[in-house]
Each structure stands twice: as C-alpha cells, then as structure tokens.
Amino acid sequence: MPLQPLLHDRLAVLEAPMQAWSGPDGQIGPGGHVDGVYCADTRVLNEARLEIGTDGVGAEPEHVFSTIEGADRARIVYVPRNIDGPGADPEVRCDRIRSVSRRTVEERIVLSSALPEDLEAVVTIHLATDLADMSLVKQGRGGPPVRPEPATDGEVAWRRDGLIVAVDCPGATLERSEVGAVATWRVRIPARGETGITWAVRADDARSVVTAPAWMPPLAATVEGPDHRLARLLSTSLEDLSGLVMSTRDAPNDVFVAAGAPWFFTLFGRDSLWTARMLLPLGTELAGGTLRTLARRQGTRDDPATAEQPGKIMHEIRAASQHLDTGAQLPSEYYGTIDATSLWINLLVDAWRWGMPSEEIEPLLGNLEAALAWQVDHGDADGDSFLEYFDESGTGLANQGWKDSADSVRFRDGTLADGAVALVEVQGYAYEAAVGGAQLLEAFGRDGTRWRTWAEGLRRCFNEQFWVEDARGRYPAIALDGAKRPVDSLTSNIGHLIGTGILSPADEQAVADRLLGPELAAPTGLRTLAQGQGGFWPLSYHGGSIWSHDTAIAVMNLSRAGFTLHAAELATLLLSAAPAFDYRLPELFSGEGRPVPYPASCRPQAWAAAAGVVLATAPWGLVPDVPHGTIRMVGSHGGHGGAVASRVAGLRVGGRALTLTAAGGDDRALRVECDPAVRVIATAPRPARPRSS
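Each chain has its residues counted from 1, running along the sequence as written. Since the coordinates come from a predicted model, pLDDT governs what is reported: local features require at least 70, and pairs of side-chain atoms require 80 or more to be given and counted, while whole-chain, interface and lining totals use all residues. Excluding hydrogens and water, the side-chain values take into account all heavy atoms of the structure.

Asks: Looking at this model, I keep getting lost on the packing of helix α8 (residues 424-443) against helix α9 (residues 449-465). Mind explaining?
Replies: Packed helices, taken two at a time, are described by their axes: the angle between them and the distance between them. Taken N-terminus to C-terminus, the directions of α8 and α9 make an angle of 155°; their axes are 8 Å apart at the nearest point. Here α9 runs roughly antiparallel to α8, going by the angle between their axes. Seen along the crossing, α8 lies across α9 with a hand that is left-handed. Across the interface between the two elements, Val424, Gln427, Ala430, Tyr431, Ala434, Val435, Ala438, Gln439, Leu441 and Glu442 from α8 touch Thr449, Trp451, Arg452, Trp454, Ala455, Glu456, Leu458, Arg459 and Phe462 from α9. To get an axis, a line is fitted to the C-alpha atoms, and for a helix only the part in contact is used. The angle between two axes follows their N-to-C directions and goes from 0 to 180 degrees. Numbering of helices and strands starts at the N terminus; helices are DSSP runs of H or I of at least 4 residues and strands are runs of E of at least 2. Each angle is binned into one of four classes, with values under 35 degrees roughly parallel, values over 145 roughly antiparallel, values of 65 to 115 roughly perpendicular, and all other values oblique. Each crossing gets its hand from how the near helix is turned against the far one by less than a right angle, where anticlockwise is left-handed and clockwise is right-handed. Note on definitions: a residue-residue contact is assigned when non-hydrogen atoms from the two residues lie within 4.5 Å.

So this is what it looks like as structure tokens:
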C-alpha cells in the first residue's frame, strides 16, 4: 500500500521554485521516496543516479559523507572502490557538488586521485522522470516513466502542457530509451590530480501559479554572545528562508515565503502570514509583498466548493486541484481557513507599527475593512461573537485552524469534538485584529467604532465561556464544540492568546505560568497537547509533538506582553533542540525528553525557520510604534541561560538600522541603537513563577 514518504533522513537543497531531494547518499532514485528534482508542484526528474567504473563495468560509488553547505548547496563524498588501488586507503575520491538556482539544479562531479599513474574512468548518470504532481508524490505514488524527446547536442528534454525540462550534459554521449536517458563521460583522472564533469537540469512550468521572485528582500541579521548555537541557528534559518522566497507570476515584485519543502512549496495564507510577521524585525518589505499578494485574491463571493466568502483571505493556491490521502479534495484556490483573515489584519497592523510606509498602507485599507467585515458577518456565522468553522463542501479540511489534522481537537478524556468548532487562539487573533484594525483605520481618518464594539463583545463572551479548570487551576479550553461546550484539553493553543489583549492581566499571567508547567513544557519546546491528556502521544501530529513555530509564537507573544523571563526560558528549550537537527529546525518533532525526529516532518519549513529570528530578538521585549515615534522594550533580561545574544545587528525599524546590545554586569541592562527620532521606553519584565511550581 502506498504511504506518504518519510523525510527525516533525506538530503534537501532548494531555491524557489526549484528543489532537489535525495537519499543521504546523494543518489536520486526511482521508487516510493520523495527523491527527485522539482519545479514548483511538479517532479521534473525522479532519477539521477551516479555510477563510476571502467568500460562495461559500472557501479554506484560507496557513500562516506554528506553535508549541507547552504540552503542551495550540498556536497556528497564517495569512494569508487571498483576503480581504486588494492590497498585499504582510499586513493580515488569522488565529490558530488549539488547546487540549486531559481531555474536550475546543477551537479559537478569531481574525481581526484592519489595514484602515481593516470586513471581511465567512465562516469554515468541515469536520468528519468515521471513528471508527477506533488500531491501524488505525497501519497507515496508516482507516475509511469515519460519518454524523452530525441537527444541532441548533449541535451535531453521532456515537454508537457507548458512544462519544459531540459538536461544539459556537455561532453557526454547520450542514449535515449522509453524510460529515460543515460549520459556517459569517458574521463582521464591525472596522476595525483583531479578532473570533473558537469550536468544540469533546467525547468520552467508555465502552468504554475508561483515562480522565482524578481528580487530578494533583506533577510540578514547577526548575533553575538556566549552561546554559539544561536548564531548557527540564525544563520541557517536565514539561508533557508531566502531559499523559500517566491512570488506569483502575475506580480513578481511582491515576494512572500512559501510554506515549506517539499509539499507546501507555494503561497499559504496562514503560514506565509505568520512567517512575515515573525520576520518584521528584519524589515517590512516581505510583509508588504505577502499582504498585497493575498489581498489580490481576497474573497468576493460565496462559494461553498472553495470556501470563498466576501472579505476572506485564502488558505492556499496551486496550479491544479489536490486529492489528499485523507480523502479531502482541495480546489486550486482554496479558502478553507478560519484564521488567515484575522492574521492578515494583524500582519498589516504590526507592519504599520514597525514602520511600513503610509503609501503602502493606504491602498490596503479597503481590504482591511472587507476583512474586518468578514470576521463579523461570515466568520461569526451564528452571531454568538465567536469565529467558528464547518466544512460545507464535505470535501474540504475538517479542521481549519493551524492544527488541521482530523484528531487535533479533543476533550481531556480524548473524545473528539464535533463541529462547528470555535478555536481558542482564533478568538484571540480576531480580538486583536478588530482592535488593531480599528486603530489603523482611525489613524487614516476612517471609522473603527463598529469593530471596537464587536471586539468588546467577543472579549466578554470569551471570558464567560472558554475557561475550564483542573487540579492546577484555571486555563482556556482549546475550543467550543458545536454545542458550545468547552473542549477542555490543555494545549499549546493558549500560548497564542498572550499579547492579543483578550485576556485580563491576571489571566495572562496565569496562562504564561501554565505554558512553562511540566505538562506542556518539554525539555525541547512546547508540546501541542499536554502530557496526561486523553490521546496524548509524543509522535502525534498535533496531539503531543512539538512544533517549532508554535513554541516560537509563544515566545514572541510572551515577549511583547512583557513576560521576557518566560520568553527567554522557553526560547532556551527550543534552542536546545537545534543541534540535533543540524540547526535546521523541522516543522515538528517528538514531544518527549529528547529531540526525536517526526519522520514525515517538512524541513525546511518557513515558520520553523522564522523561529530562529524570534529566538534572537523576542527576549528583548521590543514593541515598536513608529507612527507614534516610540519603541517599548524591557529594561532587563538577566538569567536566561545563554539563550539571548549579547548583541543583535542587522535589524530594521521604520526602514532604519536597529541594533540591540546587552551591557555587561549582573543586571545585563539593554541598549537599543536606532533612529534618534524614535524614543525608547524601558519597562520592567512581568514576574515569572519557577517552572517547577
């Protein structure tokens, strides 16, 4: 039976819209794996297998080492023992350097020798493609081999429905067959020297909605401090994020970050919005591109088949509809998300506060008003003040928050909740969006009264209906079910409420303390479902695993609410997981006491990579308000176990440089270097309760 391919041990390099996946040995081989070269949503090669030998006798070289040298480059080292000398020492070596650009995946095969005489060798690359759609590969399936066009002048090509794939093999002899092509080079390896060959695959898919960006936003920051892990995590994260930047074909200058590789290499409302929000300390350009790209596709009509509604922000966009292994069938433009609209508003408001120019804000005010109206008129379908979802089509996603698996919303005893579901974090997003959206509208001379009034009603109803209790005290339920009963499991979702304004200061303190309690806080991050709850399992997708972005959002929210001591402690936990994943934080991993991979986890994933920026910046407690000329910061950040850098440079606020420095001494007082027109307001951190209490 076909199964979704596992990813934890695969070697991936990418630069959107191209990506290449292989086994740890660098070989790209046919079968049920994810292995292949992809352009957007199509696998353009599913075999690129290297053999080395002599006339008539070739074999795959023995793999000894692989390393990622950047998001777009990997090196694989082999020893071709079948052409080596008889001794135990490897005297012939093969380096396979794989690099990715926006249109091309290229390999340089370098053969080097320590032998005292020249060596004749034959290098062969076996090439094939099934031109399979990404959704088919995700199900563990593939397509039949596609016959190539006639090989000419060192090139073999495949074409279909606007897709062009061409493999250049300069200097090779090419043989074409029904199932692919074989490129062969005869080379002479000089005595105690080296030689090499190069081949490359170029692809362009005119059917694809997404493409390479016309420019790259500034994604650069550096950290200094006693803990080298943070600098390595930040560097790797920024490389991965740069590789995930893309645009849509209709607006190549508006860039955004694709949700992740390999399956989600496209625009996702929720993922792209959260990523842009987490990256605001690097500038507002990425936020602007993300906001405009989604605004152009904002809903204008009621369509149950796509879940489109007036004012609604979409979930994802593809070149074609998708048939998921869960049985869902998603159209190419799908709006089945309960939170993206509120998150779009919150990104716009935050970008304004970080200094996004007024000339970029004003054209989006109509979209803002439409999004606010969607919250009230459509998101709150039954008029009870809460945003809830229900899949009207019967073929869409059953759960439409970020925990979108079918078993993610359950009671404390493990019973699954029935819809329509009102998720706890969505109410926080919506409240923050209504209040912030009103403030933004009023700053530009428009009326925000309706949204403020609605937000106050939501806040009152939330505090009346969402709170539940266990032996440790009160906490917000994960959701209300279709009968408006609190779904009383303890989950990481409550971390998304902090800083939204929907909680009273006392309740916010209680939630902050609860996040760091032993049920939710594992040694490496925040569990999605608390230990001891019904259905808990550390390798459950949303029922006990740790998601990198989920922990980072809690860190970010704690910080902006003034809980910098909590934020730094939680940041330290997530940072401790980074070395186990070579500083490329995965989408999710096990919620046990050690960083065990979740084998189907995407990596790199946009919002997981953005966590690196959060860990570097959030514990300072920065809350910019450029329109009013201020930056609020916490006056001290001592006692954080080394998770906080002593200096962070390369940040920007209001288009100007921003540098954070922690002075020496026991109090580790903070300094902010920025435009003198912005006034820094220092505040004290809110208290932290010991984690063991």
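And the narrative resumes.
Asks: Would you mind showing me how to read the packing of aromatic side chains here?
Replies: Geometry of an aromatic ring pair is reported as the spacing of the ring centres plus the angle between the planes. Between the rings of Phe, Tyr and Trp (Trp by its six-membered ring), a pair exists once the centres lie within 6.5 Å; its type follows the angle of the planes, with under 30 degrees stacked, over 60 edge-to-face, and the other angles tilted. If you walk through the whole model with that rule in mind, you get nine aromatic pairs. Considering the side-chain rings of Tyr541 and Trp547, the 5.0 Å spacing of their centres and the 75° angle between planes classify their relative orientation as edge-to-face. For every residue, the accessible area obtained with a 1.4 Å probe (protein chains only) is divided by the maximum for its type, and the residue is called buried under 20%, exposed over 50%, and partly exposed between those limits. The class of Tyr541 is partly exposed, set by a relative accessible area of 26%. Through pairs of rings, three or more aromatic residues link up here, namely Trp402, Tyr541, Trp547, Tyr598 and Trp607. To sit over a ring, a charge needs its Lys NZ or Arg CZ within 6 Å of the ring centre and within 35 degrees of the ring normal. The ring centre of Trp467 lies 4.2 Å from the NZ or CZ of Arg474, which sits over that ring.

Asks: Hey, could you run me through the layout of surface pockets in this one?
Replies: Any empty space left between the atoms is revealed when a probe the size of a water molecule rolls over them. Definitions used throughout: a 1 Å grid over protein atoms alone; a cavity as a set of points that fits a 1.4 Å probe which cannot get out; a pocket as an open set with protein on both sides within 12 Å along at least five of seven lines; a lining residue as one with an atom within 4 Å of a point. Grid points are joined across faces, edges and corners, and a volume is the space filled by probe spheres set on the points. Estimated volume of the second largest pocket: approximately 790 Å³. If you list the elements that add at least two residues to the lining of the second largest pocket, you get α3 (269-278), α5 (340-353), α8, α11 (548-560), α13 (606-617) and β34 (623-625). Among the elements that take part in the lining of the second largest pocket, α8 stands out by supplying six residues, more than any other. Residues of the lining of the second largest pocket, tallied by class, amount to 16 nonpolar, seven polar and nine charged. Three classes are used, and their members are as follows: Ala, Val, Leu, Ile, Met, Phe, Trp, Tyr, Cys and Pro are nonpolar, Asp, Glu, Lys and Arg are charged, and the others, Gly among them, are polar.

Asks: How should I be thinking about unusual backbone geometry in this particular structure?
Replies: Across residues other than glycine, the phi torsion is negative in most instances, and most of the peptide bonds are trans. In this chain, Ala261 is followed by Pro262 through a cis amide linkage whose omega measures 0°. Relative to the assigned elements, Pro262 resides in the loop between β20 (251-257) and α3. The omega angle of the peptide bond from Arg603 to Pro604 is 10°, so this bond is cis rather than trans. Secondary-structure assignment places Pro604 in the loop between β33 (588-589) and α13. Phi angles above zero are rare outside glycine, and Tyr583 is one such case at about 65°. Along the chain, Tyr583 turns up in the loop between α12 (564-577) and β33.

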